[in-house]
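# Structural overview for review
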Amino acid sequence: MAFRNILLAYSGEAAFLSSLRHALKIVRQHDGWLTGVFRNGPSYIDRYGAGLSGELRAKLETVESEDMQAAIALFHEEAALAGLSERVAFLDPGEVGNLPPSEIARSYDLVVTGTQSHLPNEEHRAASPDMLALRSGRPVLIVPDGYNAPGLADHALVAWDGKRSAARALNDAMAIFETDRRRVTVLTVGATPGSPPPGGGIVTHLQRHDVEALHLHKRPKHQSIAQLIEATAEEIGAKLIVMGAYEHSKFSQDMFGGVTHEVLRNARVPVLMSH
């Protein structure tokens, strides 16, 4: 199944253009449609503006509204440049209300977003990749700030540990692998490579779907697993990383760090995650 119905979740001004342009490339490749959406959380003004005068509050709300309209205008300008104006729409924030992007996403095949902004003036409307991956039930493609490539990746790295979220991410990525005929390198990490289950294994599974796939096993030395994933992607020229999100609890990763957070923070290529 191709990704025909795509949701672009605004993640802040810094990452918006990169994620928008990449989403439009996917729309063109998969003959799809693109819908944009803001997160609609309590704003900085709502949370900390109790002492503001009515006039100052109105001015700040006007600036905020203008920023949102500028982002929507950019969305339509880029779509027009790509010749896709008839296949895009941006959801009206007033109609969306307080419905989170993760719930909206359940009516789409794929969510594209960027790294989340934490700037006080825009964090309330910037979607969180973490929450999208955890709560939407949909694959989430996170595009790094400033990322620009002439086309979609022709070589993907799958970070494979055999666990549930990795299996879900690989299954979600099959829409890309089968439609776009990409090469896939399956990376496993550990002291010794694990034995494939009876009947084949993940490489066999990919090959039976006519996906060109090979297995690469590495032992971490002076690198974290996340650093090894990123370094391997760069080494083999992979322009897409596919991995499970938060196999361990998000709380523990927030407190102590983890593979998901580190990859999202440092990846130089888009990352497709599922939970």
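So, about the environment of Ala153. Turning to its location among the elements, Ala153 is positioned in the loop between β5 (140-143) and β6 (155-159). Residues Ala153 and Pro270, 117 residues apart in the sequence, show an inter-C-alpha distance of 9.2 Å. Excluding its chain neighbours within four sequence positions, the residues that come into contact with Ala153 are Arg182, Lys239 and Leu240.

Turning our eyes to something else, we now look at the sheet that holds strand β2 (residues 33-37). What the 10 strands build is an open sheet, ordered β3-β2-β1-β4-β5-β10-β9-β6-β7-β8; its pairing is mixed. If you trace the sheet from one side to the other, it starts and ends with β3 (88-90) and β8 (213-218), each paired once. Here the strands of the sheet are splayed against their neighbours by 25° on average, with no regard to which way each runs. Sheet contacts for helix α9 (residues 225-236): β6, β7 (183-189), β8 and β9 (240-244); angle to β6, the most-contacted strand, approximately 160°. Relative to β9, helix α11 (residues 259-266) is tilted by about 160°, and along the sheet it contacts β5, β9 and β10 (271-274).

We now examine the pattern of salt bridges. Following the criterion strictly, the structure yields 7 salt bridges and no others. Here Glu235 ties to Lys218 by a salt bridge, and the two come within 2.7 Å at their closest N and O atoms. Note that Glu235 is positioned in helix α9 and Lys218 in strand β8, a separation of 17 residues in sequence. Because the salt bridges share partners, they merge into one network encompassing Arg4, Asp31 and Arg87.

Scoring rules and cut-offs
Residues numbered from 1 in each chain as written. Predicted model: local features only at pLDDT ≥ 70, side-chain atom pairs only at ≥ 80, totals over all residues. Heavy atoms only, no water. Helix = DSSP H or I, 4+ residues; strand = E, 2+ residues; numbered from the N terminus. Contact = heavy atoms within 4.5 Å. Pairing = 2+ DSSP bridges. Axes fitted to C-alpha atoms, helices over the stretch in contact; angles between N-to-C directions. Salt bridge = Lys/Arg side-chain N within 4 Å of Asp/Glu carboxyl O.

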